[in-house]
Structures are given as C-alpha cells and as structure tokens.
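What follows is each chain in one-letter form.
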Amino acid sequence: MKRILLLSSLYLFIMVSSMAQSAFDFISYDRNLSASNYSIYPDTMMHDMTPPPAGKRPFYISHYGRHGSRYLSNRKGFDIPYQMLCKADSMDELTPIGQQVLQDMREIIHDAEGRWGDLTGIGKRQQRHIAERMMLRFPEVFEGEAFVDARSTIVTRCVLSMGSAVMKMKALSPKLNITMNSSQRDMWYMNHQDRLLRDSMMTHTARQAFDQFKATRCRNPRLMELLFVDTAYVQREINEADLNYYLLKTALMQQNTPMQERCARMLDLFTFEDIHHFWQEENAWWYICYGPSLLNGAQQPYTQRYLLRQLIQDADSIMRNDVHGASLRYGHETVVLPLVCLLGLNGYDYKTADLETLEQQGWWACLVFPMASNLQFVFYRNGPQDDDIIFKVLLNEKEATLPLKSDIAPYYHWRDFRDYYLAKLDRYEALRLAAKSQRIHPHLFNHSQKPVGTGW
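Conventions and cut-offs
Residues numbered from 1 in each chain as written. Predicted model: local features only at pLDDT ≥ 70, side-chain atom pairs only at ≥ 80, totals over all residues. Heavy atoms only, no water. Helix = DSSP H or I, 4+ residues; strand = E, 2+ residues; numbered from the N terminus. Rg over C-alpha atoms; globule rule 2.2 N^0.38 Å. Buried < 20%, exposed > 50% of the residue type's maximum accessible area, 1.4 Å probe, protein only. Contact = heavy atoms within 4.5 Å. Areas by Shrake-Rupley, 256 points an atom, 1.4 Å probe, with all protein chains shown as cover. Lys, Arg positive; Asp, Glu negative; His and termini not counted. Charge placed at Lys NZ, Arg CZ, Asp CG, Glu CD. Salt bridge = Lys/Arg side-chain N within 4 Å of Asp/Glu carboxyl O. Core = buried A, V, L, I, M, F, W, Y, C linked by side-chain atoms within 4.5 Å. Phe/Tyr/Trp six-rings, centres within 6.5 Å; stacked < 30°, edge-to-face > 60°. Lys NZ or Arg CZ within 6 Å of the ring centre and 35° of its normal. Polar contact = N/O pair within 3.5 Å; in protein donor to acceptor, adjacent residues only side chain to side chain. Pairing = 2+ DSSP bridges. Axes fitted to C-alpha atoms, helices over the stretch in contact; angles between N-to-C directions. Parallel < 35°, antiparallel > 145°, perpendicular 65-115°, else oblique. Nonpolar A, V, L, I, M, F, W, Y, C, P; charged D, E, K, R; others polar. Disulfide = S-S within 2.5 Å.

**Q** An account of the overall build of the chain is requested, with residue identities and associated values reported.
**A** In terms of helices and strands, the chain carries 18 helices and eight strands. On C-alpha atoms alone, the chain measures out to a radius of gyration of 23 Å, which is about the 23 Å that the 2.2 N^0.38 rule sets for 456 residues. Projecting the C-alpha coordinates of the chain onto the three principal axes gives extents of approximately 75 × 60 × 40 Å. When each of the 456 residues of the chain is scored for burial, the buried share is 58%. Long-range pairs, those at least 24 residues apart, make up 78% of the contacts in the chain between residues at least 6 apart in sequence. When the accessible surface of the chain is summed, it comes to about 19500 Å², and 51% of that surface belongs to carbon and sulfur atoms. Separation between the mean location of the 51 positive side-chain charges and that of the 51 negative ones in the chain comes to 5 Å.

Here it is in structure tokens:
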C-alpha cells in the first residue's frame, strides 16, 4: 500500500505540473508537492522523447544532478518548533492536538538523530532509477566498454548518490569503464561559492520586498488555536511566523524519510491555503537568492559560470575523440537552480522585481530542484567526422527548451550553444572586472547597462 501511494504521488507530480494553472491547483492535487527543495523526485515514468534528425545517434551525455532524498541537514529546523512546544507543554498550555504534535516531533527528531544530511533509502533508489532510465533511453552511449566519468562533491550524500547510480550502471552493463572521484580539487566548479554574489543575495531592497511579500502569508491564527490553550500565552511566548513555517516544513520534509506515513497527520493541521502561502514564500526566497531577481542585480545565476564553462570544455574534449560515454556529476540544488537560470532553460531566466508575478509567469522552483533533480545534455552525431554535433537538454528527464533559435527543436546545434553561452560568460566576466576596477559592487550592474553605483 505504501508503494502504491508513493507511485500515485509521483505520477501526480508529473501530470499536474504540466496541467496546473496555478500553484494552488498544483498543491490541491497533493500537498507534498509544495515542499520546494524538499519535494520528492517524480521517479515513475518514462517521458516521450522526440526522435533525432535522420542519421544522428547519441554518443555522449553530460550530466549534473542533485543528491537524492536526504534527512534535514541539521536539527535547527526541528528545534525551533520543538522547543516552543516543549515550553508550552511544561506550562500546561498545549491542547490534546498540540500534545500529539509534540509527540510526533519527538519521534521525528529521534529518527533523524545522528543522520543529519544523510542520504535515505529513497534517495539511493532515485539515483538507481535515473541511471537505469538513462541507459534504457540512450543505449548507444553505453555500448560495450563505454566510459563513465563520475564525480561528486565531497559531501557524503553526494558521494553515495554517485555510488548508487554507477553501481546500477555496472550491474546493467559490466563492460563499462567507470571511474569515480570525490575531491576538493573539483569543488571550484562542482559547488562554487562566490563570496561577492553570496553576500549580495539579500540586499536591503531585496529584504524589504521579501518581508513585504511574506508579511500577509506567514501568520496562522487558526493553527495557534489548534495547538495552544490560551491565546494570551501565544501572544506572549510564541513566535507565530516561525512556528507556522518550521512546523509545516518539518511535516513536508518527512516524505523523504521513513517517517513519511506517520507524519502525514501533521499536514492535516494546515489548509491548502496555508500550504500555498508556504509555497509562495519559499519560491520567492529561492528566486531572490539563486534566480535572476532584479532586486539584487539579477546576477546570482552566474555563481555557476565555472560549471558551465567546464561542461562546455568537457564536451569539446569528447568531440575531438572517437569515444562514447557519459560525464556524471553529483552535487546540490544550490547549483541546479542557478544553472537552469543561467541557461535560461524553460524560461527560468525571467527577470523581475515584482515577486507577485512569479507564480503567474511559471517561475516555480519546485519543478526544477526536487531531490535527485538533474540536467542531462545528450549529444548526437552521425559519426566521428560529423562536424554538426547536435544535442538536447533534459530537465528532470523531460525535454527542455533553451533561448536559442533552432531548426531542429528540441535539438540544438552545439556550435550555436557554445558561441552563445561563452559570449554570455565573457560579457559577465568583463563587466565584473570593470566593476572591480571602478570599485562597484557586482550586484549593481547588469548586462543591459553600464555599471553604476557606489564604492565598496
């Protein structure tokens, strides 16, 4: 029964994401889909693939994927609601429902203790399934002694995600020539941390806009009445916004752990409107911090400029040789989302200072970076001497679009992609150098204007 429910939920993720007119519709089909970067991967369907032009065969896949489902990274997110509930319980201020929630929190924390950030069994299964589908869809890439160069960041859940995937590949095709690496030497592009861009995520303007956006969405007096005996106690002792946010986040997180069924009743504390408000707040936060938001200069996606250059360099290197295989890279959602925005995949390069427009415009981070989310660049040619290499991009195993003209969409000519994105990266680097020489902070310029601002 548990597996049937899981499959049904994942099927809905795929179907509803293509049909829903609003996130509220999306969430109404399944509350778990509101979990933002904690959403579980849609792991049950083979999507239809557009046949390539005549004579073209796949020979190389370049991949970047997030680790699979995991536990919460640390206990802070659990402790915030847990400690409020414990204090209220010690003062006899919890209702019977509040006491049940406190017990659920104790069980959740007990299950997660010592496993903070760990890959779960669900996460390992996701990676095995993704690897298997990759081989089934593109068998030519993995024929015979094809190479598989697998790399991960040095975070354990990413190493285990890589291991789960390549073990499945080796089981399906024992002749594969597989190498695996997890090294600090690759972190400069696998999970680049740009101090200047990171420090300019939440500018004063961005913080004001975000606080205003969430102000009407963060309170939940109905929930407080369910949990606590006395409203005066709530006003005096409870941070209503934090309790509402972290309690709902705790409930949604459990879909990735063995606690998923036991904690479903926690979601029953919240209405669909409550959950929709949570989704909106999370979506706006991710847009500001990792998307092309005009509130902070629209530069955050360039944190992944080194990864994009490396993807291009690796592909060029493969094309110069008569080889076939795959480059697999395992990392984090804080790479996947800005990389998608940098590429402008499926319109995720949408720029605005108005957070209220994101939902209507379809800028839904949850569709980009569920657990085990991935990008696959699949390359085709008609032989080693073919100069017209073409490719397509799969986002979470579905064909995606790029902001490039193409006479063979959803396929693109590699030379067009290469020229367009290297020029885009070069322009950014030139503007960044100019800004540095003029002592202008990077978040104060964009590609449509000359740098302007004050010293830093």
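**Q** Describe the pattern of salt bridges, listing the residues and the values that go with them.
**A** Working definition: two side chains of opposite charge can pair if their charged atoms are close together. The full count for this structure, using the stated rule, is 30 salt bridges. A salt bridge links Arg66 to Glu333, with the nearest nitrogen and oxygen atoms 3.1 Å apart. Of this pair, Arg66 sits in strand E1 (residues 57–66) while Glu333 sits in helix H16 (residues 333–343); the two residues are 267 residues apart in sequence, bridging distant segments of the chain. Take Arg66: its relative accessible area is 0%, and that puts it in the buried class. Connected through salt bridges with shared partners, the residues Asp194, Arg305, Glu429 and Arg432 form a single ionic network.

**Q** I'd like a rundown of unusual backbone geometry, residues and numbers included.
**A** Residue Ala409 is joined to Pro410 through a cis peptide bond whose omega torsion reads 10°. Relative to the elements of secondary structure, Pro410 occurs in the loop between strand E7 (398–399) and strand E8 (412–413). One non-glycine residue, Asp92, adopts positive backbone phi at about 55°. You will see that Asn346, though not glycine, has its phi angle at about 55°, which is positive. Along the polypeptide, Asn346 turns up in the loop between H16 and helix H17 (358–361).

**Q** Go over the environment of His129, please, and point to the residues and values.
**A** Checked against the element boundaries, His129 lands in helix H5 (residues 121–137). Since its relative accessible area comes to 23%, His129 is described here as partly exposed. Along the primary structure His129 and Leu33 are separated by 96 residues, whereas in three dimensions their C-alpha atoms are 20 Å apart.

**Q** Requested: an account of the nonpolar core, with residues and values cited.
**A** Judged by nonpolar contacts, the single largest core of 108 residues is most densely connected at Phe228, Leu308, Leu343, Phe379, Leu402 and Phe417. Among all residues touching Phe379, those that are not within four sequence positions of it are Arg57, Pro58, Phe59, Tyr60, Ser62, Ala315, Met319, Ile389, Ile390, Phe391 and Trp414. Among the nonpolar cores identified, the runner-up in size contains 24 residues, and Phe138, Ala146, Tyr330 and Leu394 belong to it.

**Q** Tell me what's going on with the packing of aromatic side chains, and back it up with residues and numbers.
**A** Taken as a whole and assessed by the stated rule, the structure comprises 28 aromatic pairs. With a centroid separation of 5.5 Å and an interplanar angle of 85°, the aromatic rings of Phe391 and Trp414 are classed as edge-to-face. Of this pair, Phe391 sits in strand E6 (residues 390–395) while Trp414 sits in helix H18 (residues 414–437), and the two are 23 residues apart along the sequence. We note that Phe391, like Trp414, is buried. Taking NZ or CZ as reference, Arg217 lies 3.9 Å from the ring centre of Phe213, over its face. Above the plane of the ring of Tyr306 lies Arg305, whose end atom (NZ or CZ) is 4.7 Å from the centre.

**Q** Quick rundown of the side chain of Asp274? Include the residues and the values.
**A** Its place among the elements puts Asp274 in helix H14 (residues 272–290). You can call Asp274 buried: its relative accessible area is 15%. At 3.3 Å, the side chain of Asp274 and the side chain of Asn220 are in polar contact. Excluding residues that lie within four positions of it along the chain, Asp274 makes contacts with Asn220, Arg222, Leu248 and Leu269.

**Q** Talk me through the pairing of strand E5 (residues 374–381); I want residue IDs and the actual numbers.
**A** A regular strand carries its side chains on alternate faces of the sheet. Most of E5 is tucked away, with eight of its eight residues classed as buried. Every second residue of E5 is oriented toward a common face, with Asn374, Gln376, Val378 and Tyr380 on one face and Leu375, Phe377, Phe379 and Arg381 on the other, all of them buried. Inspection of the sheet shows E1 paired to E5 by eight bridges, in the antiparallel sense. Residue pairing across strands places Ser62 opposite Phe377, the latter belonging to E5. In the sheet, E5 pairs with E6 via six bridges, with the strands oriented antiparallel. Counted as the bridge partner of Leu375 is Leu395 from E6.

**Q** An account of the packing of helix H9 (residues 204–215) against H14 is requested, with residue identities and associated values reported.
**A** Two elements in contact, H9 and H14, have axes whose closest approach is 10 Å; the angle formed by their N-to-C orientations is 170°. In terms of axis orientation, H9 runs roughly antiparallel to H14. Together, Ala206, Phe210, Phe213 and Lys214 of H9 and Gln280, Glu281, Ala284, Trp285 and Ile288 of H14 make up the contact between the two elements. Looking at the contact of H9 with H14 residue by residue, the classes come out as six nonpolar, one polar and two charged.

**Q** Before we move on, can you summarise the state of the cysteines with the specific residues and values?
**A** Where two cysteines share a covalent bond between their sulfur atoms, that bond is called a disulfide. Applying the stated rule across the entire model yields zero disulfides. For Cys218, which is in no disulfide, the shortest distance to another cysteine sulfur is to Cys289 and amounts to 17 Å. Classification of Cys218 by relative accessible area gives buried; the value is 15%.

**Q** Tell me what's going on with H16, and back it up with residues and numbers.
**A** In terms of residue burial, H16 counts as a mostly covered element, since 10 of its 11 residues are buried. Of all the residues in H16, the buried ones are Glu333, Val335, Val336, Leu337, Pro338, Leu339, Val340, Cys341, Leu342 and Leu343. Directly beyond the C-terminal end of H16, a positive phi value near 70° is found at Gly344.

Everything listed here is a matter of coordinates, which is why it stays silent on function.
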